[in-house]
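What follows is the residue order along each chain.
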There are 2 protein chains.
Amino acid sequence: MEEFVMEPSYPGPQSAHHELRTAQNSAAFVLPTLQCMEEVNPCLTLLDVGAGSGTISVTLAKAIPGGKVTAMDLNAEILPRAAVIADLAGVQNIEFQQGDVYHLPYPDGSFDITFCHQVLTHLKAPWNAIAEMMRVTKSGGIVAAREGDLETECVWPELPGLLKFHQFVAGMMNAAGGSSTGGRQLLSWALKADAERGRVTVSYGTWSYNSPGDKRVWAQALMDKVRAGRLREGGLKSGLVTRADLDEMARAWEEWAELEDASVAMMHGEIVIQK
Amino acid sequence: MEEFVMEPSYPGPQSAHHELRTAQNSAAFVLPTLQCMEEVNPCLTLLDVGAGSGTISVTLAKAIPGGKVTAMDLNAEILPRAAVIADLAGVQNIEFQQGDVYHLPYPDGSFDITFCHQVLTHLKAPWNAIAEMMRVTKSGGIVAAREGDLETECVWPELPGLLKFHQFVAGMMNAAGGSSTGGRQLLSWALKADAERGRVTVSYGTWSYNSPGDKRVWAQALMDKVRAGRLREGGLKSGLVTRADLDEMARAWEEWAELEDASVAMMHGEIVIQK
């Protein structure tokens, strides 16, 4: 994995596992198509919707060196971090913009590729977001989306605190209007957005943390999330968990990271829509 | 996918989905290692444990044309079918043998590669099988295993008959001493078989059926399984299901295969142990 996590302005462990994400580990399903498209047109334009701190956007920009990536996120505060990451990687064919996936600030047919990862599964009306992504995509271009399916998460060993954590996160996600079974629903969302079935390719991918270093990054991020911040506060307010539950979850992740036979994995749904 | 399913002695739909399996779709995680090993030694020996009708064994044999594959199965009745498939594929560097994974009929250090797919997850003591696979593997060779994790199965739409089917199959598997969470446990089983952690590589892979043709093959195989044969009889005898439940499951798969937004996917655990 490319290392974006070692420099001084590192924002802390809550983003650490997000910043392990690259085009190679999180957008591999679309890279061959991207390469074919680039052979025909070396000046591709790509919109990354919900880019966050931009580690995927930056590696996508590297994959289309003659093209241009627009990294967009609803949260304007994350964009300077994405710019730092682009600088660190020496990537210049990228720009950053605040925007809302339901109302993309671009005219029809603006991009050759419109991409998102781990965005739709958090939305109440993901099909509207897909329709909007299709709108800003050029005819002959593609919309590509990859979304986790939280209910496929498998963690081993099954420490009670980890199973409790899974129930908690899935419960919070669904209570907020998202879906803990988003990955498996991607195709149905695309059809609801009026994509033609014959123009949608479906695949599934995985991620996993099982090496000592990866496990520590993953466990630390989740320990920090249950010990402070939005997830903890929201969970306590919702009544889904108690302080004791959250403490148990943090201790379980701490224990898990040190176990030799520990691993965690999850499946993602992936679609490519030919516009 | 390579087509093994069109010839006259086709054994019927209960095996149809098994025979869609090839090294490319079911052993991709080990193919790069195989290629590296073959560059050093073009005369590799490979044991495929629980080879069934041998579609994976045959495509593995194609991947090591100068080597030799031994396709082994507990069920001697399936082996002639595997021989037919090898003939159809024009593969000659393969032999077939009956054998038990707990007591492999080979001396220590017989094979460069010992492989299995969807075998360990059906066993009561999978670690003993892995230890036995390690025994027959040469020093410097590898043991490679890929096992489904049934609890990660995601099917869409979630027709009640399909959810019932999932519960039924997982229940039968666990009642028979297997594990519906085998994929996530592979690493722990390898360590229990005395593999060193530093010599085990863990990965996860997926399969999915979502195209009209693939969906029909999959749905037909499962419809036939609940309408007649061992799964049906075992289920009724166990009391896990009634005839009405089984009818509902068959109708649900029939309906699912025709739905435009239908898909099914599952995650597999994968390990490679360096001997």
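Position numbers for residues count from 1 along each chain, tracking the sequence in the order it is written. Chains and ligands are labelled sequentially in the order written, the chains with letters from A and the ligands with numbers from 1. For a predicted model such as this one, the threshold for reporting local features is a pLDDT of at least 70, and the threshold for listing and counting side-chain atom pairs is 80 or more; totals across whole chains, interfaces and linings nevertheless cover every residue. Side-chain measures were taken over the full set of non-hydrogen atoms in the model, leaving aside hydrogen atoms and water.

Sorry if this is basic, but what is going on with the overall build of chain A here?
If you tally the helices and strands in chain A, you get 11 helices and 7 strands. Dimensions of chain A, computed from the C-alpha atoms along their principal axes, are close to 55 × 40 × 35 Å. The 275 residues of chain A split such that 57% are buried. Considering only intrachain contacts with a sequence separation of at least 6, the fraction spanning at least 24 residues in chain A is 79%. Note on areas: Shrake-Rupley with a 1.4 Å probe; residue coverage comes only from the protein chains shown. For chain A, the accessible area works out to roughly 11,200 Å², and carbon and sulfur atoms hold 53% of it. Charge-centre separation for chain A: the mean point of 23 positive side chains lies 4 Å from the mean point of 34 negative side chains. Each helix is a run of DSSP H or I of at least 4 residues and each strand a run of E of at least 2, with the numbering of both proceeding from the N terminus. Relative accessibility thresholds used throughout: buried, under 20% of the residue-type maximum; exposed, over 50%; partly exposed, between the two (1.4 Å probe, protein chains only). Should any heavy atoms of two residues lie within 4.5 Å, those residues are considered in contact. Just so you know, the count uses Lys and Arg for positive and Asp and Glu for negative, and it drops His and the chain ends. We put the charge of a Lys on NZ, of an Arg on CZ, of an Asp on CG and of a Glu on CD.

Teacher, can you tell me more about the relation of the copies chain B and chain A here?
Both copies of the chain are related by one operation, a rotation about an axis with a shift along it. Copy-to-copy alignment: least squares on C-alpha atoms, limited to residues at pLDDT 70 or above in both. Once chain B is rotated about the relating axis by 180° and shifted along it by 0.0 Å, it coincides with chain A to within an RMSD of 0.0 Å. These values place the two chain copies in the arrangement generated by a two-fold rotation axis. The C-alpha atom lying nearest the rotation axis in chain B is that of T152 of chain B; the distance is 2.2 Å. A symmetric contact is evident, with 100% of the interface residues of chain B recurring at the interface of chain A.

So what exactly am I meant to see when it comes to the state of the cysteines here?
Here is the idea: a disulfide is a covalent bond, and it sits between the sulfur atoms of two cysteines. We call a pair of cysteine sulfur atoms a disulfide whenever their separation is within 2.5 Å. In total, this model carries 0 disulfides over all chains according to the counting rule given. Distance from the sulfur of C43 of chain A, which forms no disulfide, to the nearest cysteine sulfur (C36 of chain A) is 17 Å. Residue C43 of chain A is classed as exposed on the basis of its relative accessible area, which comes to 51%. A disulfide-free cysteine, C154 of chain A has its sulfur positioned 11 Å from the sulfur of C154 of chain B, the nearest such atom. Judged by its relative accessible area of 0%, C154 of chain A falls in the buried class.

When you look at the interface of chain B and chain A in this model, what are you seeing that I'm missing?
Between chain B and chain A, the residue contacts involve 28 residues of the former and 28 residues of the latter. Summing the contributions of chain B and of chain A, the shared interface buries around 2,400 Å²; its carbon and sulfur component is 61%. Take the accessible area each of two parts loses on contact, using a 1.4 Å probe, and add the two losses: that sum is the buried area. A per-residue breakdown of the area chain B buries against chain A is headed by W156, R184 and Y204 of chain B, which together make up 25% of the total. Salt bridge, as used here: a side-chain nitrogen of Lys or Arg that lies within 4 Å of a carboxyl oxygen of Asp or Glu. If you look at where chain B meets chain A, you find 2 salt bridges.

Would you mind showing me how to read the pairing of strand β3 (residues 94-98) of chain A here?
The two faces of a sheet get side chains in turn, since along a regular strand they alternate between them. Residue and element names in this part refer to chain A. When DSSP locates at least two bridges between a pair of strands, those strands are taken to pair. In this structure, strand β2 (residues 68-73) lies alongside β3, joined through 5 bridges in parallel fashion. Residue T70 lies in a different strand from β3, and its bridge partner there is E95. Taken together, β2, helix α5 (residues 79-88) and β3 constitute a β-α-β crossover, and its handedness is right-handed. For crossovers, right-handed means that the path from the first strand over the helix to the second runs clockwise, given strands pointing away from the viewer.

So what exactly am I meant to see when it comes to the pattern of salt bridges here?
Two side chains with opposite charge may pair up if their charged atoms get near one another. Residue and element names in this part refer to chain B. Enumeration over the complete set of coordinates arrives at 20 salt bridges over all chains. In this structure, K138 engages D112 in a salt bridge whose closest nitrogen and oxygen atoms are separated by 3.4 Å. Note that K138 is positioned in strand β5 (residues 137-156) and D112 in strand β4 (residues 111-117), a separation of 26 residues in sequence. For K138, a relative accessible area of 28% corresponds to the partly exposed category. Judged by relative accessible area, which is 8%, D112 ranks as buried.

Quick question: what am I supposed to make of the side chain of K215 of chain A here?
Residues and elements named next belong to chain A. Structurally, the position occupied by K215 is in helix α9 (residues 212-227). No salt bridge is formed by the buried K215. Its closest oppositely charged neighbour is D261, at 6.9 Å. Once residues within four sequence positions are removed from consideration, K215 is found in contact with Y209, N210, W256, A257, L259, E260 and A262.

Mind showing me how you'd approach the packing of aromatic side chains here?
Aromatic ring pairs are reported here in terms of the distance separating the ring centres and the angle at which the planes meet. Residue and element names in this part refer to chain A. Any two of the Phe, Tyr and Trp rings considered here, Trp counted by its six-membered ring, make a pair once their centres fall within 6.5 Å; the pair's planes then place it as stacked at under 30 degrees, edge-to-face at over 60, or tilted in between. Tallying each qualifying case throughout the model produces 12 aromatic pairs over all chains. Measuring from ring centre to ring centre gives 5.1 Å for W207 and Y209, while their planes differ by 50°; the resulting arrangement is tilted. Across the pair, exposure class does not vary: W207 and Y209 are buried alike. Within the aromatic cluster, the residues linked to one another by ring pairs are F165, W253 and W256. Note on geometry: a ring has a charge over it if NZ (lysine) or CZ (arginine) is within 6 Å of the ring centre and within 35 degrees of the ring normal. For the cation-ring pair, K192 lies above W127, with the distance from its terminal atom to the ring centre recorded as 3.7 Å.

Looking at this structure, how should I read the sheet that holds strand β4 (residues 111-117) of chain A?
Backbone hydrogen bonds hold the strands of a sheet together, and the pairing may be parallel or antiparallel. All names here are of chain A. Here we have 7 strands laid out as an open sheet, ordered β3-β2-β1-β4-β5-β7-β6, and mixed in their pairing. Looking at strand neighbours, the two that pair on one side only are β3 and β6 (200-209), the edges of this open sheet. Strand-to-strand, the axes of this sheet are offset by a mean angle of 20°, without reference to chain direction. Taken strand by strand, helix α6 (residues 126-135) contacts β1 (45-49), β4, β5 (137-156) and β7 (263-274), and its axis lies near 150° from that of β5. Here, axes are lines fitted to C-alpha atoms. For helices the fit covers the stretch in contact, and angles between N-to-C directions go from 0 to 180 degrees.

Can you walk me through the sheet that holds strand β1 (residues 45-49) of chain B in this structure?
All names here are of chain B. Taken together, the 7 strands give an open sheet; going across it, the order is β3-β2-β1-β4-β5-β7-β6, and neighbouring strands pair in mixed fashion. Since the sheet does not close on itself, it has two edges, and those belong to β3 (94-98) and β6 (200-209), each with one partner. The mean angle between the axes of side-by-side strands here comes to 20°, regardless of whether they run parallel or antiparallel. Sitting on the sheet, helix α4 (residues 55-63) is in contact with β1, β2 (68-73), β3 and β4, with an inclination near 170° to β2. Contacts between helix α8 (residues 182-192) and the sheet are confined to β5, β6 and β7 (263-274), with β5 contributing the most and set at about 155° to the helix.

Before we go on, may I ask you to explain the pairing of β1 of chain B in this structure?
All names here are of chain B. Taken across its 5 residues, β1 has 4 buried, putting it largely inside the fold. With α4 bridging β1 and its parallel neighbour β2, the resulting β-α-β unit is right-handed. The pairing of β1 with β4 spans 4 bridges and is classified as parallel. Residue L47 lies in a different strand from β4, and its bridge partner there is T114.

Just geometry here; none of it tells us what the structure is for.
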